[in-house]
Amino acid sequence: MTIIDAWLQHPTLRFLRDDMFASLHRWTGAQNTTVAPPLEHTIAAMDQAGVERALICAWIGPCGPLISNDEVAGFVARFPDRLTGVAAVDLRYPVAAVRELRRAVHDLGLRALRVVPWLWALPPNDRRYYPLFVECVELGIPFCTQVGHTGPLRTSETGRPIPYLDDVALEFPELVIVGGHIGHPWTTEMIALASKYPNVHIDTSAYATHRYPAELVEYMRGRGRRKVLFGSNFPMITPDRALGGLASLDLDPQAQELFLAGNARRVFAI
C-alpha cells in the first residue's frame, strides 16, 4: 500500500522555537529544545507509518524564513526518493516573491507553492497573492494553503473557504488548489468548493482519521474520492497517529488508494 503525505515539515530550530507555536507545543507535550532534530528523525516517522513519499514544505513569514527554500532543497537532495519540496515566499514584496518562486522551481526543483494565510493575516483573495497565482499556472505547479481554524493563537478568519478561496478558484480556473487542514469548522464549505471547481482539492493534514467530520468521510467514500489527499502536518502530528484509524473510514479499495496516494500523485505530478 503506497502512502504519500501531502503536508509535512522537517523543523529547523527557528521553526521549533517560534513563539507562535506555543499553543501547539502545549497540546502535543513538546518540550523546549536547543538542538534541531536530524532529518533522519523525519524519515523515521515516515517509515513508521509506511509513508513512501512526503511533500516537505518551506515556511516564510513576516519575520523571515523559519524553513527556507534552500533548506528544503537540501532535505530533498539527501532523500530524493522520499521527499518532494514545496516552496514558500515573502508576500510583502510581490515582484521578489515571483522571482523567488521561479528560482525555487527552476533552480531548486521544488514542485509546489504553499502560503499559510494566518501567518500574514491576509486571506488568499488579497491582491498580493495574485501575481503568484499567475506564476503557479505558468509553472504548472499547485498552490497549497491552509483552510479552517488555526492552532496557533492567530485569527482564523483568513481560513474561511467562502468567500476567500472561492474568489480565487473563480478567478483562476486553471490554478490547482489544495486546501490543507480540512477546513473545520467550515468543512462543508470546503467540500462545496472541491465539488464546484475541478481544480480544488482538500488535504487532511493536522487531523487524525477519527477526527474527520462525518461529511468529509461521506465525500471521500463517494463523489469526492478524487478530491481528498492524506496529510499529517508532522511534526505537529505524526503520520502514524494521523493514519491510526484508517480502517474505520470504511473506504473501498479504489477510494483508499486515491486518498493515500493516487490523488497526490496526480495533483503534484509525482
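Residues numbered from 1 in each chain as written. Predicted model: local features only at pLDDT ≥ 70, side-chain atom pairs only at ≥ 80, totals over all residues. Heavy atoms only, no water.

S.K.: An account of the nonpolar core is needed here, citing residue identities and associated values.
M.R.: By size, the foremost hydrophobic cluster in this structure holds 97 residues, and its most contacted members are W59, L83, L101, Y212, F259 and F268. With six residues, helix α12 (residues 253–267) is the single largest residue contributor to this core. If near-sequence neighbours (up to four positions away) are discounted, F259 is found in contact with T204, Y212, M220, V228, L229, F230, L246, L249 and L251. (Core = buried A, V, L, I, M, F, W, Y, C linked by side-chain atoms within 4.5 Å. Buried < 20%, exposed > 50% of the residue type's maximum accessible area, 1.4 Å probe, protein only. Helix = DSSP H or I, 4+ residues; strand = E, 2+ residues; numbered from the N terminus. Contact = heavy atoms within 4.5 Å.)

S.K.: Tell me about the state of the cysteines, residues and numbers included.
M.R.: Evaluation of the coordinates by the stated rule reveals zero disulfides. Left unpaired, C63 is separated from the closest cysteine sulfur, that of C57, by 18 Å. Here C136 is not cross-linked by a disulfide; its sulfur's nearest cysteine counterpart is in C144, at 8.5 Å. Judged by relative accessible area, which is 1%, C136 ranks as buried. (Disulfide = S-S within 2.5 Å.)

S.K.: Now, about the packing of helix α9 (residues 187–196) against helix α10 (residues 214–221): what can you tell me, with residues and values included?
M.R.: Closest axis-to-axis distance for the α9/α10 pair is 9 Å, and the angle between their directions is 25°. Compared by their axis directions, α9 and α10 come out roughly parallel. Crossing of α9 against α10: the hand is left-handed. Taking contact as the criterion, the partners of T187, T188, I191, A194 and S195 in α9 are, on α10, E215, L216 and Y219. Of the residues in the contact of α9 with α10, the class split is four nonpolar, three polar and one charged. (Axes fitted to C-alpha atoms, helices over the stretch in contact; angles between N-to-C directions. Parallel < 35°, antiparallel > 145°, perpendicular 65-115°, else oblique. Left-handed = near helix turned anticlockwise from the far one by under 90°. Nonpolar A, V, L, I, M, F, W, Y, C, P; charged D, E, K, R; others polar.)

S.K.: Can you explain unusual backbone geometry? Please cite residues and give values.
M.R.: A cis amide bond links I162 with the next residue in sequence, P163, at an omega value of 15°. When you line up the elements, P163 lands in helix α8 (residues 161–171). A cis amide bond, omega 10°, links F234 with the succeeding residue P235. Structurally, P235 is set in the loop between β10 (228–229) and α11 (239–242).

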